[in-house]
Amino acid sequence: MAQNAAPSTQRIEPLVRDMYPQLETLYKDIHAHPELGFQEVRTAAKLAAEMRALGFEVTEKVGRTGVVAVYRNGAGPTVMVRTELDALPMEEKTGLPYASKAKAMWQGKETFVAHSCGHDIHMASWAGTARTLLALKGQWKGTLVFVAQPAEEASGGAKGMLADGLYTRFPKPDFAFALHTSASPYGYVGYRAGPITSASDGMEILFKGRGGHGSAPHRAIDPITMAARFVTDVQTVVSREKDPSEFGVVTIGAFQAGTAGNIIPDEALLRGTIRSYNPKVRDGLIDGVRRTAKATAAMAGAPEPVIGLDPSKGNAAVVNDQALVQRTVAALKAQLGDEKVVQVPPITASEDFSEFAVDGVPSMFFFIGVSDPKDVAESQKPGGKPLPFNHSPYFAPVPEPSITTGVRAMTAAVLSALGAKS
């Protein structure tokens with residue numbers, strides 16, 4: 001720790017160490033009882049109770065299942081800290097004693113549910129940060145807005161909370177923070193200014209043909225050949241229309257058509273995702289997908305395809321504010337040590353935390369490592385055991401010191417923002 005760290009910064013570590021057993025209990029309970037997006041009733045109620053016990057003004061059911069907790073401590077900046085509530089529709093295979101065995105309905109079918117993205121670590125860190133800040137409330141002034149957001153994985157949770165008046169019913173933040181688990185060594189924090197996650201746009205394209213007998217394709221218009229051509233041709237939008245130095249991905253993840261080998265169907269349905277950092281690249285990829293789909297159908301003499309591709313339903317890239325990052329990194333290094341705070345490249349996954357940066361709210365999204373350093377080192381050796389990443393059924397964060405690092409890092413970040421002029 002830096003010798004010239006502020007008194008409040010020096011007090012964070014012992015406070016967090018003392019409260020850790022309670023945070024671990026909270027973490028394991030949430031991990032064992034995961035809930036899907038917009039179904040997080042138990043999880044939301046648990047976090048709401050935690051915040052009420054601390055003295056926050058708590059409002060539930062914001063954006064359906066979201067929680068907003070406000071604590072006013074005199075005149076000063078308003079700082080928002082966000083966590084996610086939801087888990088994933090997948091089976092956990094970690095074998096942990098507190099592993100999830102939960103099931104829920106998803107898209108009309110029963111599925112296992114698991115916190116395989118680390119949102120449970122986020123929630124424990126969020127609750128611990130609130131506790132630590134209130135223990136230090138004599139050393140800062142301002143307003144805390146702690147937001148527990150539903151449906152990050154399925155998308156729509158952040159937009160739902162904003163549509164339900166997050167920035168009008170409650171104090172609008174001067175600064176906003178969020179953290180995320182990373183399959184990197186525990187004890188480390190990863191940051192960067194500018195884009196840190198990609199924009200995400202889902203697409204659904206229905207190619208319409210004319211059904212017929214498989215032995216007489218000349219009497220039909222085959223939507224499968226159209227869709228297959230599109231899957232190949234759309235990659236030229238990435239390889240020939242996009243600047244090679246810019247990131248952009250178009251992936252088709254689902255291809256659904258037909259019922260039998262000797263029947264040409266009427267329709268073929270494709271679903272996919274578009275990822276990018278740069279807004280101009282995002283617009284170019286979306287336009288290229290549309291043009292390619294329409295041209296593919298026209299070449300086959302088929303009706304125009306139905307293209308479901310609405311950027312307003314996607315998520316923009318998370319872009320960290322340069323000045324906020326610079327100030328926060330200094331606070332993180334004072335708290336954790338210079339060697340534990342490292343600059344990282346942007347990731348290609350997406351996050352709807354970007355929605356909270358609307359109307360010019362400076363924001364910062366950063367990563368905390370959750371893996372045993374020995375396992376990370378082993379995975380990097382030739383032939384080493386692969387390291388389970390987020391969304392893997394084997395993803396198993398090491399609770400300590402992952403949670404204490406999250407609390408220390410987020411508390412230092414918020415204190416830095418509270419000490420800054422908005």
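Everything below is about the structure printed above this text.
Residues numbered from 1 in each chain as written. Predicted model: local features only at pLDDT ≥ 70, side-chain atom pairs only at ≥ 80, totals over all residues. Heavy atoms only, no water.

### A short note on the overall build of the protein
Part 1 of the reasoning: Secondary structure summary: the protein contains eleven helices and 18 strands in total.
Part 2 of the reasoning: In terms of C-alpha radius of gyration, the protein reaches 24 Å, essentially the compact-globule figure of 22 Å for 422 residues.
Part 3 of the reasoning: When the backbone C-alpha atoms are referred to their principal axes, the protein occupies close to 80 × 50 × 45 Å.
Part 4 of the reasoning: When burial is assessed residue by residue, the protein has 52% of its 422 residues classed as buried.
Part 5 of the reasoning: By sequence separation, contacts in the protein at least 24 residues apart represent 81% of the contacts at least 6 residues apart.
Part 6 of the reasoning: For the protein, the exposed surface amounts to about 18,300 Å²; the carbon and sulfur share of it is 52%. (Helix = DSSP H or I, 4+ residues; strand = E, 2+ residues; numbered from the N terminus. Rg over C-alpha atoms; globule rule 2.2 N^0.38 Å. Buried < 20%, exposed > 50% of the residue type's maximum accessible area, 1.4 Å probe, protein only. Contact = heavy atoms within 4.5 Å. Areas by Shrake-Rupley, 256 points an atom, 1.4 Å probe, with all protein chains shown as cover.)

### Here's the deal with the side chain of S100
Part 1 of the reasoning: Locating S100 in the fold gives a position in the loop between β3 (78-84) and β4 (103-106).
Part 2 of the reasoning: For S100, the side chain forms a polar contact with the main-chain oxygen of V113, separated by 2.6 Å.
Part 3 of the reasoning: Setting aside its immediate chain neighbours within four residues, S100 contacts H31, A32, P34, E92, V113 and A114. (Polar contact = N/O pair within 3.5 Å; in protein donor to acceptor, adjacent residues only side chain to side chain.)

### Examining the pattern of salt bridges
Part 1 of the reasoning: Summed over all chains, the structure comprises 16 salt bridges.
Part 2 of the reasoning: The partner of R271 in a salt bridge is E204, with the nearest N and O atoms 2.8 Å apart. One end of the pair, R271, is in strand β14 (residues 267-276); the other, E204, is in strand β10 (residues 199-208), and 67 residues separate them in sequence.
Part 3 of the reasoning: By relative accessible area, R271 is classed as partly exposed at 34%.
Part 4 of the reasoning: Under the relative-accessibility criterion, E204 is labelled partly exposed at 36%.
Part 5 of the reasoning: Overlapping salt bridges bring together R82, E84, E351 and D352 as one network. (Salt bridge = Lys/Arg side-chain N within 4 Å of Asp/Glu carboxyl O.)

### Details of the pairing of strand β5 (residues 109-112)
Part 1 of the reasoning: As paired strands, β4 and β5 are joined by four bridges and run antiparallel to one another. In the sheet register, W106 faces β5, and the bridge partner there is K109.
Part 2 of the reasoning: The turn linking β4 back onto β5 is made up of two residues, and Q107 within it adopts a positive phi angle of 50 degrees. (Pairing = 2+ DSSP bridges.)

### Structural notes on the sheet that holds strand β7 (residues 175-185)
Part 1 of the reasoning: One open sheet accounts for eight strands, arranged β1-β2-β6-β3-β7-β18-β8-β17; its pairing is mixed. Edge positions in the sheet fall to β1 (57-62) and β17 (341-343), since each has one partner strand and no second. Looking at each pair of strands side by side, their axes are set apart by 25 degrees on average, direction ignored.
Part 2 of the reasoning: Looking at chain direction, strand β8 (residues 189-191) and strand β18 (residues 363-371) are connected through two bridges and run antiparallel. Within the sheet, the bridge partner assigned to G190 lies in β18 and is F367.
Part 3 of the reasoning: Sitting on the sheet, helix α2 (residues 41-54) touches β1, β2 (66-73), β3 and β6 (142-149), and the angle it makes with β1 is about 165 degrees.
Part 4 of the reasoning: Packing of helix α11 (residues 399-418) onto the sheet brings it into contact with β3, β6, β7, β8 and β18, and relative to β7 it is tilted by some 155 degrees. (Axes fitted to C-alpha atoms, helices over the stretch in contact; angles between N-to-C directions.)

### Describing the side chain of D86
Part 1 of the reasoning: Examined against the element boundaries, D86 turns out to sit in the loop between β3 and β4.
Part 2 of the reasoning: The side chain of D86 sits in the buried core without any salt bridge; R82 is the nearest counter-charge, 7.8 Å away.
Part 3 of the reasoning: A polar contact is formed between the side chain of D86 and the backbone nitrogen of E152, at a distance of 3.0 Å.
Part 4 of the reasoning: Those residues within four positions of D86 in sequence are excluded, and the remaining contacts are E35, L36, G37, E40, H115, H119, A151, E152, E153 and A154. (Lys, Arg positive; Asp, Glu negative; His and termini not counted.)

### So, the sheet that holds strand β12 (residues 248-257)
Part 1 of the reasoning: In space, the four strands of this open sheet follow the order β12-β14-β10-β15, with antiparallel pairing throughout. The open sheet has two edge strands, β12 and β15 (306-308), and neither has a second partner. Looking at each pair of strands side by side, their axes are set apart by 15 degrees on average, direction ignored.
Part 2 of the reasoning: Packing against the sheet, helix α8 (residues 279-299) makes contact with β10, β12, β14 and β15, and its axis sits at approximately 5 degrees to β10.

### As for helix α3 (residues 119-135)
Part 1 of the reasoning: For α3, with 17 residues, the first-to-last C-alpha span of 24 Å sits near the 24 Å given by 1.5 Å per residue.
Part 2 of the reasoning: For α3, the buried fraction is high: 16 of the 17 residues fall into the buried class. (Expected span 1.5 Å × (residues − 1).)

### Observations regarding the packing of α2 against α3
Part 1 of the reasoning: Between α2 and α3, the least distance of the axes is 10 Å, while the angle of their chain directions is 10 degrees. As judged from the angle between their axes, α2 and α3 are roughly parallel. Together, T43, L47, E50, M51 and L54 of α2 and M123, W126, A127, A130, R131 and L134 of α3 make up the contact between the two elements.
Part 2 of the reasoning: Within the contact of α2 with α3, the residues separate by chemical class into eight nonpolar, one polar and two charged. (Parallel < 35°, antiparallel > 145°, perpendicular 65-115°, else oblique. Nonpolar A, V, L, I, M, F, W, Y, C, P; charged D, E, K, R; others polar.)

### Notes on the packing of helix α6 (residues 223-233) against α8
Part 1 of the reasoning: At a minimum axis separation of 10 Å, α6 and α8 run at an interaxial angle of 145 degrees. In this structure, α6 meets α8 at a crossing whose hand is right-handed. Contact residues: M226, R229, F230 and D233 in α6; V289, T292, A293, T296, A297 and M299 in α8.
Part 2 of the reasoning: Across the contact of α6 with α8, the residue classes tally to six nonpolar, two polar and two charged. (Left-handed = near helix turned anticlockwise from the far one by under 90°.)

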